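# Fold and contact review
Here's the letter readout for the chains.
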Amino acid sequence: MSFRRFATLSIFIVLSGFSTVGCSKKIWITQYPPFYRSDLKNVAVVGFRNATGVRGADLVVGDALATALMANGTYRIYNRNDLQLLLDESDRRSMLTGEDAAALAKKFAKRGKVQAILSGTVTAYSATSHSQRKQQPVMAWDPVRKRQVWTGAYNRYTWTRNEANVQVAAALLRTDGTTIYATPTPAQYRAWAEGSPPKADPQACLSTAVQQVVHQLVRRFAITRLQIKVSPKDFRTASDYYDGKWAFTNNFSISDQKAYFVVKLPAVCDRNRFRVTIIRKGARKDLVSMNLLWSKAHSATGRGLQFSPRDIAARGGGSGTYVIKFYSGPEPVMKHEFRIR
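We now turn to the structure provided with this report. (Residues numbered from 1 in each chain as written. Predicted model: local features only at pLDDT ≥ 70, side-chain atom pairs only at ≥ 80, totals over all residues. Heavy atoms only, no water.)

Helix length check: helix α1 (residues 57-72), at 16 residues, gives a terminal C-alpha distance of 23 Å against a target of 22 Å (1.5 Å per residue), a fit within 8%. Listing the buried residues of α1 in full gives A57, D58, V61, G62, L65, A66, L69 and N72. Around the axis of α1, the buried residues are gathered within 150° of arc, so they sit on the same side. G73 occupies a position one or two residues after α1 and carries a positive phi of about 85°. (Helix = DSSP H or I, 4+ residues; strand = E, 2+ residues; numbered from the N terminus. Expected span 1.5 Å × (residues − 1). Buried < 20%, exposed > 50% of the residue type's maximum accessible area, 1.4 Å probe, protein only. Arc of directions from axis to C-beta.)

Here's what the structure looks like:
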């Protein structure tokens, strides 16, 4: 791969449409943005538009995103300090204000160092604090009635809720001004803390919200590591595929020349490589080893890899129980048994 490194985001997801009950397994995958191509290497993070009325919100978000993308390593990132050297004074003003991103993108074309620019709009950026006086009855144990009773006094205290909201839309543009990818919905996060006193003040909540929004944007625009759940129930054997359905079975004849092992993975696994092997149960020798490059096009019905029960039996010592193993790393994460009679 052309990228140098990419940061691991500690994110865990359960994907709809896939069973996660029973013996589900956690695996790490590489998540690719839908538009990603290995020849996209140099990206400039230019000024974001500020639609919040909070001075500096655009600079905070833009700088945080540039820093996170630099750490991620998918692209060579030019931040606003780097761009001071690439643009003249009028262009620098356009860059800082985020105005007319398409026109600004075209100005990078003649300079040759940047292939795309990342810009957007900060649509929400707020931190609030609300307090109210509360009182709580002071209770004591009554040994006669053997229960808690009110003493007639109250503990009075101030209950505070601090909250921050951040929302950002972003787009990646080529240097000809056309859009490579735009967030279909804004990245947004609400952080809060409450108590007497709360564990985080409004600014700490705002910092958390900015970080979480930036993490979301990095996931949408860069290569990241992601932990998901897969279910062994989505790893099976079949005799045939007809009218859009697999004919699942665990029993095959020693004379069968064609069968399939079928794996069903979520679309987020697109472009990830896996390995599938077949062994005789109790043995260690791989009778078949196949590499699988997953495509999101197979996520609805599953991907079937063909094998021959007749050849497996010939290599594995005849009829008996065999095991298919699915690898996403050095150890198998799913196994499925079938019989050849």
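Once that is clear, we can look at the packing of aromatic side chains. By the definition in use, this model includes 15 aromatic pairs. Seen from their ring centres, W150 and Y154 are 5.3 Å apart, and the 55° between their planes marks the pair as tilted. Of the residues examined, W150 reaches a relative accessible area of 44% and is grouped as partly exposed. Chaining the aromatic ring pairs together yields one cluster made of F252, F261, F307, Y322 and F338. Sitting above the plane of the Y78 ring, R76 keeps its charged end 4.3 Å from the centroid. Its end group placed over the ring of Y327, R275 keeps NZ or CZ at 4.1 Å from the ring centre. (Phe/Tyr/Trp six-rings, centres within 6.5 Å; stacked < 30°, edge-to-face > 60°. Lys NZ or Arg CZ within 6 Å of the ring centre and 35° of its normal.)

Moving on: the sheet that holds strand β14 (residues 259-263). With antiparallel pairing, 4 strands are arranged side by side in an open sheet as β12-β11-β14-β17. One side of each edge strand has no neighbouring strand; the edge strands of this open sheet are β12 (245-248) and β17 (303-307). Geometrically, the sheet is characterised by an average inter-axis angle of 50° between neighbouring strands, direction not taken into account. (Pairing = 2+ DSSP bridges. Axes fitted to C-alpha atoms, helices over the stretch in contact; angles between N-to-C directions.)

Further remarks concern a nonpolar patch on the surface. Together, M139, W150 and Y154 give the surface a local cluster of nonpolar side chains, amounting to about 310 Å² of exposed area. By the secondary structure assignment, Y154 is in strand β7 (residues 147-174). Classification of Y154 by relative accessible area gives partly exposed; the value is 32%. (Patch = residues over 30% accessible without salt bridge, like charges linked within 9 Å, V, L, I, M, F, W, Y side chains within 5 Å. Areas by Shrake-Rupley, 256 points an atom, 1.4 Å probe, with all protein chains shown as cover. Salt bridge = Lys/Arg side-chain N within 4 Å of Asp/Glu carboxyl O.)

Quick look at the sheet that holds strand β18 (residues 320-327) now. Pairing within the open sheet is mixed, and its 5 strands lie in the order β13-β19-β18-β15-β16. The open sheet has two edge strands, β13 (251-252) and β16 (288-293), and neither has a second partner. Inspection of the sheet shows strand β15 (residues 273-280) paired to β18 by 6 bridges, in the antiparallel sense. Counterpart to R275 in the pairing with β18 is Y327.

As a further point, take the environment of R341. With respect to the helices, strands and loops of the structure, R341 is situated in the segment after β19 (332-340). Linking R341 and P309, residues 32 residues apart in sequence, is a C-alpha distance of 9.5 Å. Apart from residues no more than four positions distant in its own chain, R341 is found in contact with N251, F252, S253, I254 and S319. At a separation of 3.3 Å, a polar atom in the side chain of R341 contacts the side chain of N251. (Contact = heavy atoms within 4.5 Å. Polar contact = N/O pair within 3.5 Å; in protein donor to acceptor, adjacent residues only side chain to side chain.)

This part takes up the pattern of salt bridges. A full pass over the atoms with the stated rule returns 9 salt bridges. Between D39 and R37 there is a salt bridge, with the nearest N and O atoms lying 2.7 Å from each other. A relative accessible area of 38% means that D39 is categorised as partly exposed. On the basis of relative accessibility, which here comes to 54%, the residue R37 falls in the exposed class. Between D142 and R145 there is a salt bridge; the shortest N-O distance is 2.8 Å. Since its relative accessible area comes to 14%, D142 is described here as buried. Overlapping salt bridges bring together R161, E163, R190 and E194 as one network.

Everything listed here is a matter of coordinates, which is why it stays silent on function.
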